[in-house]
Amino acid sequence: FCSAPGIIVFQCCAVIKDSSIGICQGGGIWGVQSAIEVSGCTLDRNTVVGIGGIESFMLIVDNLIELTLPDLFDPMGPHFGDGVALIADLVPSIAFLFDNQIIGSDRAGVSNFGSNATLGGNAINFSAFDLEGEPYKGFDFFFDNVGANACDHDNGLGPTDCLLETVGIQPPGPVVTP
């Protein structure tokens, strides 16, 4: 258990490979104004986000992101719980997500707030929303499906196309360290 985000990459480049990051309050991995590759990692039972990017360029490949939970200690009530969250600020985040398993996110498998996401070969299962997009800070969101993404809604129909929803949710708040 960690009482802060597991890894924060701030204004630099990083490669995070073959790591296990779990039960971190405030998120598993955050990129803030950075370029990051995250590959071969397991992110398990983190709160707020499994992987989050604010104004970042991200390559997210072959990861297991499971059971992302809401922030139960938020004074406004339980919020968030997104497997992957992409957030614009002064500029959009740009992310490429390939061959990931995103399972059991409390809110969205992938949330996109005014950013750009390219997805291929991902399995997004048992989340409240598969893909959630919202315009944010003057930027529209964009999802590019390059194929082979599948989502399972536990409805007995098996994997189907992933559903994109826009329901007015808010992005996670700023990254805070103790």
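Residues numbered from 1 in each chain as written. Predicted model: local features only at pLDDT ≥ 70, side-chain atom pairs only at ≥ 80, totals over all residues. Heavy atoms only, no water.

**Student:** Help me understand the overall build of the chain in this model?
**Tutor:** Tallying secondary structure elements over the chain gives zero helices and 19 strands in all. Buried positions account for 51% of the 178 residues belonging to the chain. When contacts within the chain are restricted to residue pairs at least 6 apart in sequence, those whose partners lie at least 24 apart make up 46%. Counting every atom, the chain has about 7,900 Å² of accessible surface; 59% of that belongs to carbon and sulfur. (Helix = DSSP H or I, 4+ residues; strand = E, 2+ residues; numbered from the N terminus. Buried < 20%, exposed > 50% of the residue type's maximum accessible area, 1.4 Å probe, protein only. Contact = heavy atoms within 4.5 Å. Areas by Shrake-Rupley, 256 points an atom, 1.4 Å probe, with all protein chains shown as cover.)

**Student:** Looking at this structure, how should I read the state of the cysteines?
**Tutor:** What the rule picks out here adds up to one disulfide. The disulfide that involves C151 links it to C162, with 2.0 Å between the sulfurs. The S-S bond linking C151 to C162 shows a torsion near 90°; that makes this disulfide right-handed. One end of the pair, C151, is in strand β18 (residues 150-152); the other, C162, is in the loop between β18 and β19 (164-165), with eleven residues separating them in the sequence. In this model C13 remains outside any disulfide bridge; the closest cysteine sulfur is found in C12, 6.6 Å from its own. (Disulfide = S-S within 2.5 Å.)

**Student:** What am I meant to see in the sheet that holds strand β14 (residues 116-120) here?
**Tutor:** Note: strands within a sheet are paired through backbone hydrogen bonds, in either parallel or antiparallel orientation. The strand order across the open sheet formed by six strands is β2-β5-β8-β11-β14-β17, and the pairing between neighbours is parallel. Of all the strands in the sheet, the pair left with one neighbour each is β2 (13-17) and β17 (142-145). Adjacent strand axes in the sheet meet at a mean angle of 10° when their direction is disregarded. (Pairing = 2+ DSSP bridges. Axes fitted to C-alpha atoms, helices over the stretch in contact; angles between N-to-C directions.)

**Student:** Sorry if this is basic, but what is going on with the sheet that holds strand β6 (residues 42-44) here?
**Tutor:** Here we have six strands laid out as an open sheet, ordered β3-β6-β9-β12-β15-β18, and parallel in their pairing. The open sheet has two free edges, formed respectively by β3 (20-22) and β18, since each of these has just one partner strand. Recorded for the sheet is a direction-independent mean angle of 10° between the axes of neighbouring strands.

**Student:** Help me understand the packing of aromatic side chains in this model?
**Tutor:** Any pair of aromatic rings gets described here by the distance separating the centres and the angle formed by the planes. In the structure shown here, the tally under the stated rule is four aromatic pairs. Centre to centre, the rings of F96 and F98 are 6.4 Å apart; their planes meet at 25°, and the pair counts as stacked. Taking the relative accessible area as the measure of exposure, F96 reaches 27% and is therefore partly exposed. Relative to F143, the ring of F141 has its centre 6.2 Å away and its plane inclined at 65°; by these criteria the two rings are edge-to-face. Looking at F141, the relative accessible area reads 19%, which means it is buried. On the basis of relative accessible area, F143 is assigned to the buried category, the value being 17%. Here a set of aromatic residues connected by ring pairs shows up, and it is made of F57, F96 and F98. (Phe/Tyr/Trp six-rings, centres within 6.5 Å; stacked < 30°, edge-to-face > 60°.)

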